[in-house]
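Read off the chains here:
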Amino acid sequence: MSIIDKAEKHVIMITGVLLGVFVFSILYAQAKYSTDVPECLPYDKAYTEPKVNKLDEKTYQVFAVAQMWSFQPSEIYIPVGSEVDFYLSSKDVVHGFNISQKNINMMAVYGNINKTTVKFDEPGVYEIVCHEYCGAGHQNMKAQVIVNYPTAKK
Ligand code: CUA
């Protein structure tokens, strides 16, 4: 006779099924919305200087730095079809980093680097907003990704 109670077996089974549903949901969302699952990188000071690096015609790196109450760089010009790796850090308190049109939701945390990759297939202006309350100027804390090939500025 098994030493595991029948009810306990049920609970283990249900837990397994639920976990499967959660993992499936993440993979499904990632595939359907081509959303990159953000990662947390080891702290590296090199990412804390605001910068836009052009790796090639359609590949960019953005070192985004959040600080009360702005993002640097505040305007990011890229051509249509670009893939952008965002490396996000904070100089002070915890900030949010939300690009709602792209389903991007990250936190900027002092001493951490968070990374996600976004593909911009449509021309337009994509608002980056801080969606974590960070003090008196929180509501003014925003930046823009300007996707407008071929008239994108350098
Ligand atoms: Cu930064 Cu709210």
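For the structure, check the block above.
Small disclaimer: the values here were computed from a predicted structure and weren't measured. (Residues numbered from 1 in each chain as written. Predicted model: local features only at pLDDT ≥ 70, side-chain atom pairs only at ≥ 80, totals over all residues. Heavy atoms only, no water.)

**Q** Would you mind showing me how to read the packing of aromatic side chains here?
**A** One pair of aromatic rings is described through two measures. These are the centre distance and the angle between the planes. Counted by the stated rule, this structure contains seven aromatic pairs. Taking 5.1 Å as the distance between ring centres and 85 degrees as the angle between the ring planes, the aromatic pair formed by Y47 and F63 counts as edge-to-face. Highlighted residues: Y47 in the loop between strand 1 (39–41) and strand 2 (51–56) and F63 in strand 3 (residues 59–67), separated in sequence by 16 residues. When the centroid spacing of 5.5 Å and the interplanar angle of 85 degrees are considered together, the rings of F63 and Y87 count as edge-to-face. Highlighted residues: F63 in strand 3 and Y87 in strand 6 (residues 82–90), separated in sequence by 24 residues. Here F63 falls in the buried class, since its relative accessible area comes to 7%. (Phe/Tyr/Trp six-rings, centres within 6.5 Å; stacked < 30°, edge-to-face > 60°. Helix = DSSP H or I, 4+ residues; strand = E, 2+ residues; numbered from the N terminus. Buried < 20%, exposed > 50% of the residue type's maximum accessible area, 1.4 Å probe, protein only.)

**Q** I keep staring at the nonpolar core and nothing clicks. Help me out?
**A** Burial of nonpolar side chains together is a common tendency in soluble globular proteins. Residues F71, I78, F86, F97, F120, I128 and V145 are the most contacted members of the largest nonpolar core, which totals 25 residues. Where this core is concerned, the elements lending two or more residues are strand 3, strand 5 (75–78), strand 6, strand 7 (95–99), strand 8 (104–108), strand 9 (113–120), strand 10 (124–129) and strand 11 (142–147). When residues in this core are grouped by element, the largest group, four residues, is from strand 3. L41, F63, Y87 and I113 belong to the second largest nonpolar core, which has five residues in total. (Core = buried A, V, L, I, M, F, W, Y, C linked by side-chain atoms within 4.5 Å.)

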